[in-house]
Amino acid sequence: MTALSVLDLCPIVEGGDAAQAFHNSRDLAQHAERLGYQRFWLAEHHGMPGIASAATSVVIGHVAGGTKTIRVGAGGIMLPNHSPLVIAEQFGTLASLYPGRIDLGLGRAPGSDQATARALRRDAFESPDQFPQDVVELMHYLSPQAAHARIQAIPGTGLQVPIWILGSSLFGAQLAAELGLPYAFASHFAPAAMMDAIAIYRSRFKPSAQLAKPHVMLGMGVFAADTDEEAQLLASSMQQAFVNLRSGRPSRLQPPKPGYLEQLSAPEQAILAQTMSAAAIGSPDTVRRQLKEFIARTGADELMVATQIFDHAARVRSYEILAQVHQV
């Protein structure tokens, strides 16, 4: 059976704050652990009023400290923002504190606008072309072979934290295949190249010490409720966030808005329709059908489910419904 995992953006809702977001993320992870989800990942974004997980490694430690068995990790760390050695040390620390439970997903986007990206790493605003070299360097720091190197990650050396490559284009698929790493595609917000990326990754995959055969994780937005109408209403918070971001005015996660789609222009509706082509929205029966269709179409080994819902209890309930229908 295709595994289910959680992607959390640590949403800051309108009227709330980061402290509440961190509390809710940890609570959601505890529910996800009880429901049998495979892993709980947090995403690095910067300068976003509605996303609290900028210090991703710190939040991972907060979530891992409140859970016992679920894998916790980054989905992902935006490596151009950091030196590979610093990330090796951070995740070596996490892996030492929570052995066997930490994942490290790596992306090559800055997770911010260009001005913020420059402020994050003023001395080395690199081209994404440096990303493959940075990944290899980071893998070296975490490998047993680094034990006798002049530069070491302490802690980190020899801990072999599982590394994933994230992407929303064909570049990441090619790199993950070449390095023999698991691949996570961001189909929950950029599904256009999904099928081509899957095909390239699977056809070009080279087995490695970490992974013997291809493993594809696909992002999927899921908004489940008791009725189709309620689920569509809950999804309008995420839709507002996406439109606001694309319009250059990122915001905190807004309350659901009845009839939101009908209030949008035709181009905005088209953008949302394309973006949400890899989403499941509806009642338990609707979500079950959409989930099965998506898995049958893609052959996904694992789904990383993103659910930006304004009300925390409704967000937890959506993950409960998804876990239940996935078992049937």
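Look a little higher up for the structure.
This is a predicted model, so every value here is computed, not measured.

Draft legend 1. Fine view of the overall build of the protein chain. For the protein chain, the helix and strand inventory stands at 11 helices and nine strands. Here the C-alpha atoms of the protein chain give a radius of gyration of 19 Å, agreeing with the 20 Å that 2.2 N^0.38 yields for 328 residues. In terms of its C-alpha atoms, the protein chain occupies a principal-axis envelope of roughly 60 × 40 × 40 Å. Taking all 328 residues of the protein chain together, 53% fall into the buried category. Long-range pairs, those at least 24 residues apart, make up 72% of the contacts in the protein chain with a sequence separation of at least 6. In the form shown here, the protein chain has an accessible surface area of approximately 14,100 Å², with 55% of it arising from carbon and sulfur atoms. Within the protein chain, the 28 negative side-chain charges are centred at a point lying 4 Å from the centre of the 25 positive side-chain charges.

Draft legend 2. Spatial organisation of the pattern of salt bridges. Tallied over the entire structure, the rule returns 10 salt bridges. Note that Asp285 and Arg288 form a salt bridge whose closest N and O atoms lie 2.7 Å from each other. With a gap of three residues between them, Asp285 and Arg288 both fall in helix 10 (residues 284–298), about one helical turn apart. The class for Asp285 is exposed, based on a relative accessible area of 54%. Among the salt bridges present, the one from Arg289 reaches Glu293, with a minimum N-O distance of 3.7 Å. Note that Arg289 and Glu293 are positioned in helix 10 at a spacing of four residues, about one turn of the helix. Given the relative accessible area of 44%, Arg289 is considered partly exposed. What makes Glu293 partly exposed here is its relative accessible area of 46%.

Conventions adopted
Residues numbered from 1 in each chain as written. Predicted model: local features only at pLDDT ≥ 70, side-chain atom pairs only at ≥ 80, totals over all residues. Heavy atoms only, no water. Helix = DSSP H or I, 4+ residues; strand = E, 2+ residues; numbered from the N terminus. Rg over C-alpha atoms; globule rule 2.2 N^0.38 Å. Buried < 20%, exposed > 50% of the residue type's maximum accessible area, 1.4 Å probe, protein only. Contact = heavy atoms within 4.5 Å. Areas by Shrake-Rupley, 256 points an atom, 1.4 Å probe, with all protein chains shown as cover. Lys, Arg positive; Asp, Glu negative; His and termini not counted. Charge placed at Lys NZ, Arg CZ, Asp CG, Glu CD. Salt bridge = Lys/Arg side-chain N within 4 Å of Asp/Glu carboxyl O.

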